[in-house]
Amino acid sequence: MFTAHPEYSDITPTQYEAAYNWLRKNGLLDDVRNPRPVHDRVFRLAVSESGSPWFTDADLLIRDPGELPQDALMAAKALELTADEAFAHIQSVWGKVDTARREQIGLAGELTLVELLTAEVPARIEHVAAHSDGYGYDIAVHANKASAHIEAKATMRRGRLTLYLSRNEYETMRRDPAWQLVAVRLTADLALLSVATVPREWIVAQVPVDPGLYGRWESCRLEVPPEVPEKGIPALLPLFAGDAPAKIAGTAAD
């Protein structure tokens, strides 16, 4: 059929076998009861598995259907999807992949920062997020001279810092003078590269304003310009009699 039928004559048996194996490997041949149309599922899987360089930054590069890349448009056309439908699928798939990846990077950031503080700061370090996410911060630094409550936000991207701030974290910041937002930059292997502190005054100036008595934001996304974070963790410097470690002092090379 794939060599004689006019609708499939341009598909070689090798191409057919490759496509068949891809569908089988990704479970599309077994998931026959899924109510989502097959062409939707194929497009979503193709986007997430394509390895296209634009996908990891889809939130910034593709803000409306008119900005869809050519390969996505070709895939949508082959599956009889409109540009609006393709855009909606990409946004949905990217959101799920990004959420899972952010959780992995976020945990790595917390753990590497706890390791750094434990090794280099003369104070008792407590990873409070390990036993509760209700504190509004992740790490407590217990010391007489300079206690700190640190909310850690991790990233692997250079030149770009995107933060997701919960309402609980924001309200904690407003009432807790020891609260610090520390951005942890990681290598591709999830090792700590550098730390920096985002000023609370900048955060206050960027968060949304509740529109009325019956609505309020619960989480917001902040794009932090490169010049805003202050290298190191200045709030911890009073703990050191002499020179502070380079990463804490902000003197380490990026």
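The preceding data block contains the structure.
Residues numbered from 1 in each chain as written. Predicted model: local features only at pLDDT ≥ 70, side-chain atom pairs only at ≥ 80, totals over all residues. Heavy atoms only, no water.

Engineer: Residue-level account of the sheet that holds strand E8 (residues 230–231), with values.
Structural biologist: With respect to topology, six strands assemble into an open sheet ordered E1-E2-E3-E5-E6-E8, the strand pairing being mixed. Strands at the two margins of the open sheet, each flanked by one partner only, are strand E1 (124–126) and E8. Pairing analysis gives six bridges linking strand E5 (residues 179–186) to strand E6 (residues 192–198), with the strands arranged antiparallel. Considered in E6, the bridge of alanine 183 is made with alanine 196. (Pairing = 2+ DSSP bridges. Helix = DSSP H or I, 4+ residues; strand = E, 2+ residues; numbered from the N terminus.)

Engineer: Lay out the pairing of E5 with the relevant residues and their values.
Structural biologist: Along E5, seven of the eight residues are buried, which leaves the element largely enclosed by surrounding structure. Looking at chain direction, strand E3 (residues 148–155) and E5 are connected through seven bridges and run parallel. Pairing of threonine 155 across the sheet is with arginine 185, part of E5. What sits between E5 and E6 in their antiparallel hairpin is a turn of five residues, with leucine 190 showing a positive phi close to 65°. (Buried < 20%, exposed > 50% of the residue type's maximum accessible area, 1.4 Å probe, protein only.)

Engineer: Can you break down the pattern of salt bridges residue by residue, with the values?
Structural biologist: Considering all chains together, one arrives at nine salt bridges under this definition. For the salt bridge of glutamate 169 with lysine 153, the shortest nitrogen-to-oxygen distance reads 3.0 Å. Taken together, the positions of glutamate 169 in helix H6 (residues 167–175) and lysine 153 in strand E3 put the pair 16 residues apart, joining distant regions of the chain. Per residue, the accessibility class of glutamate 169 equals that of lysine 153, and both read buried. As a salt-bridge pair, aspartate 210 and arginine 167 come within 2.9 Å of each other at their nearest N and O atoms. With aspartate 210 in the loop between helix H7 (200–206) and strand E7 (219–224) and arginine 167 in helix H6, this residue pair connects regions lying 43 residues apart in the sequence. On the accessibility criterion, aspartate 210 (27% relative accessible area) is partly exposed. (Salt bridge = Lys/Arg side-chain N within 4 Å of Asp/Glu carboxyl O.)

Engineer: Before we move on, could you go through the nonpolar core and cite the residues and values that matter?
Structural biologist: If you look at the biggest cluster of nonpolar residues, it comprises 26 residues, and the most contacted ones within it are Leu113, Leu117, Val141, Ile150, Ile233 and Leu236. Elements with a minimum of two residues in this core: helix H5 (83–120), strand E2 (139–142), E3, E5 and E6. Among the elements that take part in this core, H5 stands out by supplying six residues, more than any other. The next biggest cluster of nonpolar side chains, apart from the first, holds 20 residues, and it includes Trp202, Val207, Trp217 and Val228. (Core = buried A, V, L, I, M, F, W, Y, C linked by side-chain atoms within 4.5 Å.)

Engineer: Any details on the environment of alanine 246? Residues and values, ideally.
Structural biologist: Looking at where alanine 246 falls in the secondary structure, it is placed in helix H8 (residues 246–249). As a C-alpha pair, alanine 246 and isoleucine 125 span 121 residues in sequence and 19 Å in three-dimensional space. Not counting chain neighbours up to four residues away, the residues in contact with alanine 246 comprise Thr251 and Ala252. (Contact = heavy atoms within 4.5 Å.)

Engineer: Describe the packing of aromatic side chains, naming the residues involved and giving the relevant values.
Structural biologist: One pass over the full model with this rule turns up four aromatic pairs. Judged by centre distance (6.1 Å) and plane angle (75°), the rings of tryptophan 54 and phenylalanine 55 are edge-to-face. With a centroid separation of 5.4 Å and 55° between ring planes, the pair formed by tyrosine 170 and tryptophan 217 is classed as tilted. Placement of the pair is tyrosine 170 in helix H6 and tryptophan 217 in the loop between H7 and E7, with a sequence separation of 47 residues. Look at tryptophan 217 and you get buried, because its relative accessible area is 10%. The lysine or arginine in question, arginine 102, covers the ring of tyrosine 164, its NZ or CZ lying 3.8 Å from the ring centre. Arginine 167 extends its terminal NZ or CZ atom over the ring of tryptophan 217, reaching a point 4.7 Å from the ring centre. (Phe/Tyr/Trp six-rings, centres within 6.5 Å; stacked < 30°, edge-to-face > 60°. Lys NZ or Arg CZ within 6 Å of the ring centre and 35° of its normal.)

Engineer: Explain the packing of helix H2 (residues 38–49) against H5 to me, using residue names and the numbers behind them.
Structural biologist: For the pair H2 and H5, interaxial distance at closest approach is 10 Å and the crossing angle is 55°. In terms of orientation, H2 and H5 fall into the oblique class. When you trace H2 past H5, the crossing you get is right-handed. Across the interface between the two elements, Asp40, Phe43, Arg44, Val47 and Ser48 of H2 pack against Ala86, His89, Ile90, Ser92, Val93 and Lys96 of H5. Residues belonging to the contact of H2 with H5 are distributed by class as follows: five nonpolar, three polar and three charged. (Axes fitted to C-alpha atoms, helices over the stretch in contact; angles between N-to-C directions. Parallel < 35°, antiparallel > 145°, perpendicular 65-115°, else oblique. Left-handed = near helix turned anticlockwise from the far one by under 90°. Nonpolar A, V, L, I, M, F, W, Y, C, P; charged D, E, K, R; others polar.)

Engineer: Mind laying out the environment of leucine 163, listing which residues take part and the relevant values?
Structural biologist: Counting through the fold element by element, leucine 163 comes out in strand E4 (residues 161–166). Accessibility expressed as a relative area gives 2% for leucine 163, which makes it buried. If we skip the residues at most four places from it in the chain, leucine 163 touches Lys153, Leu181, Val198, Cys220, Arg221, Leu222 and Val224.

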